[in-house]
Amino acid sequence: MDVRALRYFVEVVEQQSFTRAAEALHVTQPTISKMVRALEDELGGPLLIRDGRRLQLTDAGRVVLERGRAVLAEVGRLRRDVADVEGLARGELTVGIPPTAGPYFAPVIGAYRRRHPGVTLRLREQGARALEAGVAEGDLDIGVTLLPLGRPELAAQLAQLSVARQSVVALFPRARAPAHPGPVALAELAGLPFVMYEDDFALPRLIADGCRAAGFTPEIAAQSRYWDFIGDLVGADVGVAILPAHVAGRFDPARVDCRPLASPALIWELGLVWRQGYLSRAARAWLDCCREEFGLAPSPDAPPLP
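1. Some words on the pattern of salt bridges
Now for step 1: All chains considered together, the criterion is met by 14 salt bridges.
Now for step 2: With its nearest N and O atoms 2.9 Å apart, the salt bridge here joins Asp 257 to Arg 174. Pair noted here: Asp 257 is in strand 11 (residues 256–262) and Arg 174 is in the loop between strand 6 (158–173) and strand 7 (184–185), with a separation of 83 residues, a long-range link.
Now for step 3: Note on Asp 257: relative accessible area 8%, which makes it buried.
Now for step 4: By relative accessible area, which is 37% here, Arg 174 ends up partly exposed.
Now for step 5: Across the salt bridge formed by Asp 209 and Arg 212, the nearest N and O atoms sit 2.9 Å from each other.

2. A word on the packing of helix 1 (residues 3–15) against helix 2 (residues 18–25)
For any two helices packed against each other, one specifies the inter-axial angle together with the distance between the axes.
Now for step 1: Relative orientation of the contacting elements helix 1 and helix 2 amounts to 120°, with a least axis distance of 8 Å. Considering the angle they form, helix 1 stands oblique to helix 2. Every pair of crossing elements has a handedness; the one defined by helix 1 and helix 2 is right-handed. Contacts from Arg 7, Tyr 8, Glu 11, Val 12 and Gln 15 in helix 1 reach Phe 18, Arg 20, Ala 21, Ala 24 and Leu 25 in helix 2.
Now for step 2: Among the residues making up the contact of helix 1 with helix 2, the classes are represented as six nonpolar, one polar and three charged.

3. Things to note about empty space enclosed by the protein
Now for step 1: If you walk through the whole model with that rule in mind, you get two cavities of 30 Å³ or more.
Now for step 2: What the largest cavity holds in volume is close to 80 Å³.
Now for step 3: Pro 98, Thr 100, Ala 128, Leu 146, Tyr 197, Phe 201, Ala 202, Leu 203, Trp 268 and Leu 270 are the residues that line the largest cavity.
Now for step 4: Grouping the constituent residues of the lining of the largest cavity by class yields nine nonpolar, one polar and no charged.

4. Quick look at the layout of surface pockets
Now for step 1: Considered as a void within the structure, the largest pocket measures approximately 1500 Å³ in volume.
Now for step 2: Surrounding the largest pocket, 44 residues form its lining, Glu 11, Glu 14, Gln 15, Arg 124 and Gln 126 being those nearest its centre.
Now for step 3: For the lining of the largest pocket, the secondary structure elements donating two or more residues are helix 1, helix 2, helix 4 (59–86), strand 3 (92–97), strand 4 (120–125) and helix 6 (128–136).
Now for step 4: Considering each element in turn, the lining of the largest pocket owes the most residues, nine residues, to helix 1.
Now for step 5: For the lining of the largest pocket, a count of residues per class yields 16 nonpolar, nine polar and 19 charged.

5. Some details on the nonpolar core
Now for step 1: Counting 65 residues, the largest nonpolar core has Phe 105, Leu 270, Leu 272 and Trp 286 as its most contacted members.
Now for step 2: Per-element tally for this core: the top contributor is strand 6, with nine residues.
Now for step 3: With sequence-adjacent residues up to four places away left out, Trp 286 is seen in contact with Leu 93, Val 95, Phe 105, Val 108, Ile 109, Tyr 112, Leu 121, Ile 142 and Leu 272.
Now for step 4: Counting 21 residues, the second-largest nonpolar core is a separate cluster that includes Ala 5, Tyr 8, Leu 55 and Leu 57.

Conventions used here
Residues numbered from 1 in each chain as written. Predicted model: local features only at pLDDT ≥ 70, side-chain atom pairs only at ≥ 80, totals over all residues. Heavy atoms only, no water. Salt bridge = Lys/Arg side-chain N within 4 Å of Asp/Glu carboxyl O. Helix = DSSP H or I, 4+ residues; strand = E, 2+ residues; numbered from the N terminus. Buried < 20%, exposed > 50% of the residue type's maximum accessible area, 1.4 Å probe, protein only. Axes fitted to C-alpha atoms, helices over the stretch in contact; angles between N-to-C directions. Parallel < 35°, antiparallel > 145°, perpendicular 65-115°, else oblique. Left-handed = near helix turned anticlockwise from the far one by under 90°. Contact = heavy atoms within 4.5 Å. Nonpolar A, V, L, I, M, F, W, Y, C, P; charged D, E, K, R; others polar. 1 Å grid on protein atoms, 1.4 Å probe; cavity = no way out; pocket = protein on both sides within 12 Å on 5 of 7 lines; lining within 4 Å. Points joined across faces, edges and corners; volume = space filled by probe spheres on them. Core = buried A, V, L, I, M, F, W, Y, C linked by side-chain atoms within 4.5 Å.

Here it is in structure tokens:
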């Protein structure tokens, strides 16, 4: 069985699109379709069924997805182990980053590529909850998430490193901004429609917990996976939103009014997670780049890289 066919199939399921899967894997859509069909022919039946605009898994497809992810994780570990024998002249590293964290990690990615051009760096953009699961299952080497973990049961399996903290801010359609200047209390958002990230992101959990503490449950008008689209929806008067300050500052102030949150202030704490135990040289080098970029002390128990 061609491991590439498994990788293509898993990516199609995760992206819910042959086109997006082809873009993510940097191959053509016909190539993706051909490899998935070959996998179905080899296994003796359909794995995917088109249901309108969504792709549904058959019973066989669910088995292949679960086992395929395990196979791909094992192949990744094999490549990393071989790369460790050869040093950082070769190797592979898969890092998961949620969309809102991209601006923080672009300099890290640049530094890593300059220092270790022989390492294949694969980036996966997903919600924090999915990334936490990917790290725990061995599908990702390192994930970026919000701390504390969205799935507390993973805390014993994953090592954590906090890299950044900042407050989140409230975004209002310009025409509906509060009349008073300055910060707004979270309770002032009660009764207003919210535009949020989808549920596999960590920020909705932070917002829901804060709203609950302020005495209300947010009414969700729309959800998206993309911070810029959330800002567009706020500007179009679909609802209010809560985002990290570094993201909110990118919106047009003529359409979106950004206010600090008070009573309580919500803290967006960005962290790295990886599985407890063995770390490849490529992964340790990534952590070193992160510590330098974010001004953190070197790990006291990490041996020097060769």
